[in-house]
Amino acid sequence: MISELRTFVVAAQMESFAAAAKTIGLTQSAISAQIRRLEDELGYGLFERSGRSVMLTAAGRAILCQVEDLLSSFDALRSATRGRPETALLRIGAISTVQTSLLAPAVTRLHVEFPDLKIRIVPGLSMGLLERLDAGELDAAVIVRPPFGLMPYMQWHPVVSQDYVMVVPAPLENEDWRQILETQPFIRYDSRSFGGRTLDRFLKMQGLSPRQVIETEDLHTILQMVANNMGCTIMPQIGAVSVVPNIRVLPLGETGITREVGVMTLRGRVSEGRDALIRYLDEVSGNHTPSASRKS
């Protein structure tokens with residue numbers, strides 16, 4: 001019920017399920033379903049619905065402070081230290097495109113500093129990893145920055161920005177990326193991912209509807225498909241782009257887009273191992289800006 005209680009507080013503050021959905025990053029129907037589950041569990045109504053607005057019932061107002069205190073206590077429990085960092089377990093969620101280029105060298109340096117630190121790497125899509133972080137199943141998530149506002153108890157640590165580029169088979173001589181999109185099969189970066197959503201918005205703004213043949217979230221797989229002359233793609237310029245043979249890379253010019261990759265954590269949790277990981281990710285990426293994580 002923790003997620004439902006958090007949703008209750010946000011909806012109460014904004015007096016709108018639609019605004020709460022935008023803040024949390026869920027659909028309005030998902031917000032409504034969470035509130036219904038909470039009301040069913042408690043046995044009484046929490047909101048009075050009026051058009052697009054909602055207002056707390058008397059019962060809802062009566063428990064709001066208690067719920068906020070309960071969530072604070074729960075966050076404090078999750079923040080409790082579990083022994084010295086060198087003997088703890090660090091659970092890291094990571095999208096596939098950072099695991100070899102950023103995470104592997106950073107974890108190697110982390111192991112040198114904390115040789116007894118147990119590390120578990122959990123792969124997944126950004127949204128799924130964000131949900132697991134919120135559920136307390138991860139200590140940090142290396143993901144694409146969410147395209148929606150963050151919950152106040154979450155903290156974002158930017159690591160690297162990656163420009164999107166067009167990738168085409170090497171034999172294709174055309175240099176006009178717009179014309180290529182109109183004439184060549186398109187291999188799409190999964191629209192369920194945060195990075196894929198960014199690409200979808202870009203294509204819509206450009207008025208482009210390429211002929212999609214395949215959709216997948218694995219950028220390395222996409223590169224291999226392009227190299228095998230299955231079509232073209234637009235994707236972030238990850239490290240593998242420079243080493244895969246039989247492809248060419250075309251910039252998108254001034255209309256281009258970027259994605260930001262970083263580390264999402266929960267505020268208030270103390271972890272030397274986690275903070276060291278963020279520091280080493282900064283070093284590996286060439287980002288030497290002091291991280292805010294060491295101030296929280």
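Provided above is the structure to which this section pertains.
Nothing here was measured: the structure is a model prediction, and the numbers come from that model.

Novice: In this structure, what is going on with the overall build of the protein chain? I would like to understand it.
Specialist: Of the regular secondary structure elements, the protein chain holds 10 helices and 11 strands. Oriented by its inertia axes, the alpha-carbon framework of the protein chain measures out at about 70 × 55 × 30 Å. Pairs at least 24 residues apart make up 73% of the contacts formed inside the protein chain by residues separated by at least 6 positions. When the accessible surface of the protein chain is split by element, carbon and sulfur atoms take 52% of a total near 14400 Å².

Novice: Where do I start with the side chain of Ser16 in this structure?
Specialist: Structurally, Ser16 can be placed in the loop between helix H1 (2–14) and helix H2 (17–24). Of the polar contacts made by the side chain of Ser16, one reaches the backbone nitrogen of Ala19; its length is 3.0 Å. If we skip the residues at most four places from it in the chain, Ser16 touches Ala11, Arg52 and Val54.

Novice: Just to check I follow, could you spell out the pairing of strand E1 (residues 47–50) for this structure?
Specialist: Regular strands place their side chains on alternate faces of the sheet. The sheet contact formed by E1 and strand E2 (residues 53–56) spans four bridges and is antiparallel. By the bridge assignment for E2, Phe47 is matched with Leu56. The hairpin turn running from E1 into E2, its antiparallel successor, is two residues long, and Gly51 in that turn takes a positive phi close to 65 degrees.

Novice: How should I be thinking about the environment of Ser72 in this particular structure?
Specialist: Mapping Ser72 onto the fold places it in helix H4 (residues 58–79). We classify Ser72 as partly exposed; its relative accessible area is 48%.

Novice: Help me understand the environment of Val112, please; the structure alone is not making it clear to me.
Specialist: Within the secondary structure, Val112 sits in helix H5 (residues 96–113). Residue Val112 is classed as exposed on the basis of its relative accessible area of 65%. Each C-alpha atom of the pair Val112 and Gly45 lies 54 Å from the other, and the pair is 67 residues apart in sequence.

Novice: Even after reading the chapter, I still don't get the packing of H2 against helix H3 (residues 28–42), so can you show me in this structure?
Specialist: Two packed helices can be described by the angle between their axes and the distance between those axes. With their axes 8 Å apart at the nearest point, H2 and H3 run at an angle of 105 degrees to one another. By the angle between their directions, the pair H2 and H3 is classed as roughly perpendicular. Every residue of H3 that contacts H2 at Phe17, Ala18, Ala20, Ala21 and Ile24 is listed here: Gln28, Ile31, Ser32 and Ile35. The residue inventory of the contact of H2 with H3, partitioned by class, reads seven nonpolar, two polar and no charged.

Novice: Help me out: how do you make sense of H3 in this one?
Specialist: Residues spaced three or four apart along an α-helix point in a common direction, a consequence of the helix completing one turn every 3.6 residues. In a regular helix each residue adds 1.5 Å, so 15 residues correspond to 21 Å; H3 covers 21 Å between its end C-alpha atoms and thus fits that length. All of the buried residues in H3 are Ile31, Ser32, Gln34, Ile35, Leu38 and Glu39. Relative to the axis of H3, the buried residues are bounded by an arc of 160 degrees and lie together on one face. Opposite its buried face, H3 presents the exposed residues Ser29, Asp40 and Glu41, each directed more than 90 degrees away. On its buried face, H3 sits against H1, H2 and E1.

Novice: Explain helix H10 (residues 272–285) here, please?
Specialist: Compared with an ideal rise of 1.5 Å per residue, which puts 14 residues at 20 Å, H10 spans 20 Å between its outermost C-alpha atoms and is within 8% of the ideal. Residues of H10 that are buried in the fold lie against strand E3 (89–94), H5, strand E5 (140–144), strand E6 (154–169) and strand E11 (258–266). Looking at the residues trailing H10, positive phi occurs at Gly286, about 85 degrees.

Cut-off values and rules
Residues numbered from 1 in each chain as written. Predicted model: local features only at pLDDT ≥ 70, side-chain atom pairs only at ≥ 80, totals over all residues. Heavy atoms only, no water. Helix = DSSP H or I, 4+ residues; strand = E, 2+ residues; numbered from the N terminus. Contact = heavy atoms within 4.5 Å. Areas by Shrake-Rupley, 256 points an atom, 1.4 Å probe, with all protein chains shown as cover. Polar contact = N/O pair within 3.5 Å; in protein donor to acceptor, adjacent residues only side chain to side chain. Pairing = 2+ DSSP bridges. Buried < 20%, exposed > 50% of the residue type's maximum accessible area, 1.4 Å probe, protein only. Axes fitted to C-alpha atoms, helices over the stretch in contact; angles between N-to-C directions. Parallel < 35°, antiparallel > 145°, perpendicular 65-115°, else oblique. Nonpolar A, V, L, I, M, F, W, Y, C, P; charged D, E, K, R; others polar. Expected span 1.5 Å × (residues − 1). Arc of directions from axis to C-beta.

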